[in-house]
Amino acid sequence: DQQVKQNSPSLSVQEGRISILNCDYTNSMFDYFLWYKKYPAEGPTFLISISSIKDKNEDGRFTVFLNKSAKHLSLHIVPSQPGDSAVYFCAASALNSGNTPLVFGKGTRLSVIA
Amino acid sequence: KAGVTQTPRYLIKTRGQQVTLSCSPISGHRSVSWYQQTPGQGLQFLFEYFSETQRNKGNFPGRFSGRQFSNSRSEMNVSTLELGDSALYLCASSLPRGGYNEQFFGPGTRLTVL
């Protein structure tokens, strides 16, 4: 069963507008969440993370929001740029339960249209 | 610092053959994890090695195995290849304390099984 779900396989956004990528999880032991970005022919690169003790983390144009009660997190990109076009993976870990491997979602392909 | 390198980048094999993939982590990184990426399943954790010992293992059959050498380089082996093994195999390394939240990925090896 999928413990981390990204229900939108793809998303198209106009340049300059906001991109919102969503992620849901089922395991209540998850306490650390990450977003990775992946371009074709490259490995995923770390984008931003959030601990379960926070509900928001910002880094430049990227903000991640965490709603623990809903087991939902989202990545906001404002403003979206054509270079943001990539596949975005949400990942989760149960750090406080020991060094457990990351569990990834299936990814959302973001296309930013100029 | 050089990034994570993986060789070969592309590989074509036939069913029943075996294959060995190689990963060189970032200098100073002692933890190496392997993932399989397929369009249908996203990134799935295969196993992790730390100081030449397998520390975690995902839910894959015994045909998938790995090892790590004293210089932290790692190899993974897949025996008796099946069509469903066609995937992008990603290697990730992390800092000496081996936190999954600090993984750096290589570009991957694209394996095609005919």
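Preceding this paragraph is the structure being described.
Once a new chain begins, its residue numbering starts again from 1 and follows that chain's sequence as written. Chains and ligands are labelled sequentially in the order written, the chains with letters from A and the ligands with numbers from 1. Thresholds applied to this predicted model are a pLDDT of at least 70 for local features of residues and 80 or more for the giving and counting of side-chain atom pairs; totals over whole chains, interfaces and linings are not thresholded and use all residues. Neither water nor hydrogens contribute to the side-chain values; these are computed over all heavy atoms in the structure.

1. Quick look at the sheet that holds strand β1 (residues 4–5) of chain A
All names here are of chain A. Any two strands between which DSSP finds at least two bridges are classified as paired. A run of H or I in DSSP becomes a helix once it reaches four residues, and a run of E becomes a strand once it reaches two; helices and strands are each numbered from the N terminus. Strand order in the open sheet made by the 5 strands is β1-β3-β8-β7-β6, with antiparallel pairing throughout. The two strands at the open ends of the sheet, each matched to only one other strand, are β1 and β6 (56–59). Where strand β3 (residues 19–25) lies against strand β8 (residues 72–77), 6 bridges are found, and the strand directions are antiparallel. Directly across from Cys23, in β8, lies its bridge partner Leu73.

2. A word on the sheet that holds strand β3 (residues 19–24) of chain B
All names here are of chain B. Reading across from one edge, β1-β3-β8-β7 is the order of the 4 strands in this open sheet, with antiparallel pairing throughout. Both edges of this open sheet fall to β1 (5–7) and β7 (64–68), since each of them pairs with a single strand only. Pairwise comparison of adjacent strand axes, ignoring direction, gives a mean angle of 20 degrees for this sheet. Here β1 runs beside β3; their pairing, made up of 3 bridges, is antiparallel. Note on β3: the bridge partner recorded for Gln6 is Cys23. Each axis is a line fitted through C-alpha atoms, and for a helix only the stretch in contact is used; angles between axes span 0 to 180 degrees, taken between their N-to-C directions.

3. Some thoughts on the nonpolar core
In terms of nonpolar packing, the biggest core is built from 24 residues, with Phe33(A), Trp35(A), Leu73(A), Leu75(A) and Tyr88(A) touching the most fellow members. Secondary-structure elements contributing two or more residues to this core are β3, β4 (32–38), β5 (45–51), β7 (62–67), β8, β9 (86–93) and β11 (108–113) of chain A. In terms of residue count, the dominant contributor to this core is β9(A) (4 residues). Among buried residues, those of type Ala, Val, Leu, Ile, Met, Phe, Trp, Tyr and Cys that are joined through side-chain atoms within 4.5 Å constitute a nonpolar core. Think of it in three bands: residues with accessible area under 20% of the maximum for their type are buried, residues over 50% are exposed, and the middle band is partly exposed, with areas taken using a 1.4 Å probe on protein chains only. Core analysis: the next-biggest nonpolar cluster, separate from the first, contains 21 residues, Trp34(B), Tyr49(B), Tyr89(B) and Cys91(B) among them.

4. Observations regarding the interface of chain B and chain A
Only heavy atoms matter for contacts: two residues are in contact if any of them lie within 4.5 Å across the pair. Between chain B and chain A, the residue contacts involve 20 residues of the former and 17 residues of the latter. Accessible area that two parts lose when put together, with a 1.4 Å probe and added across both, is what the buried area reports. Taken together, the two surfaces of chain B and chain A that pack against each other cover about 1,500 Å², and 58% of this comes from carbon and sulfur. A side-chain nitrogen of Lys or Arg and a carboxyl oxygen of Asp or Glu constitute a salt bridge if their distance falls within 4 Å. Between the two partners, chain B and chain A, sit 0 salt bridges. Residues adjacent in sequence count toward polar contacts only when both atoms are side-chain atoms; beyond that, a polar contact is any pair of N or O atoms within 3.5 Å, and within protein one must be able to donate a hydrogen and the other to accept it. Where chain B packs against chain A, one counts 2 residue pairs in polar contact (both at pLDDT 80 or more). Of all the secondary structure elements, the ones that give two or more residues to the side of chain B that touches chain A are β4 (31–38), β5 (42–50), β6 (53–57) and β9 (87–94) of chain B. A total of 3 residues in the side of chain B that touches chain A trace back to one element, the largest contributor, which is β5(B). Its residues assigned to classes, the side of chain B that touches chain A comprises 8 nonpolar, 10 polar and 2 charged. Residues are grouped as follows: Ala, Val, Leu, Ile, Met, Phe, Trp, Tyr, Cys and Pro are nonpolar; Asp, Glu, Lys and Arg are charged; every other residue, Gly included, is polar.

5. Digging into the state of the cysteines
Residue and element names in this part refer to chain B. We call a pair of cysteine sulfur atoms a disulfide when they lie within 2.5 Å. Tallied over the full model, the rule gives 2 disulfides over all chains. Each sulfur in the disulfide pair Cys23 and Cys91 lies 1.7 Å from the other. Disulfide Cys23-Cys91: torsion about the S-S bond near -50 degrees, hence left-handed. Linking Cys23 in strand β3 with Cys91 in strand β9, this pair joins segments that are 68 residues apart in sequence. Residue classification places Cys91 among the buried residues on the basis of a relative accessible area of 0%.

6. Quick word on the pattern of salt bridges
Residues and elements named next belong to chain B. Applying the stated criterion to the full structure yields 7 salt bridges over all chains. Its salt-bridge partner being Glu48, residue Arg55 comes within 2.7 Å of it at the nearest N-O pair. A relative accessible area of 33% places Arg55 in the partly exposed class. On the basis of relative accessible area, Glu48 is assigned to the buried category, the value being 0%. Two residues, Arg67 and Glu75, come together in a salt bridge whose shortest N-O distance is 3.2 Å. Overall, Arg67 belongs to the partly exposed group, its relative accessible area being 47%. Three or more residues joined by partner-sharing salt bridges are found here, namely Arg63, Glu82 and Asp85.

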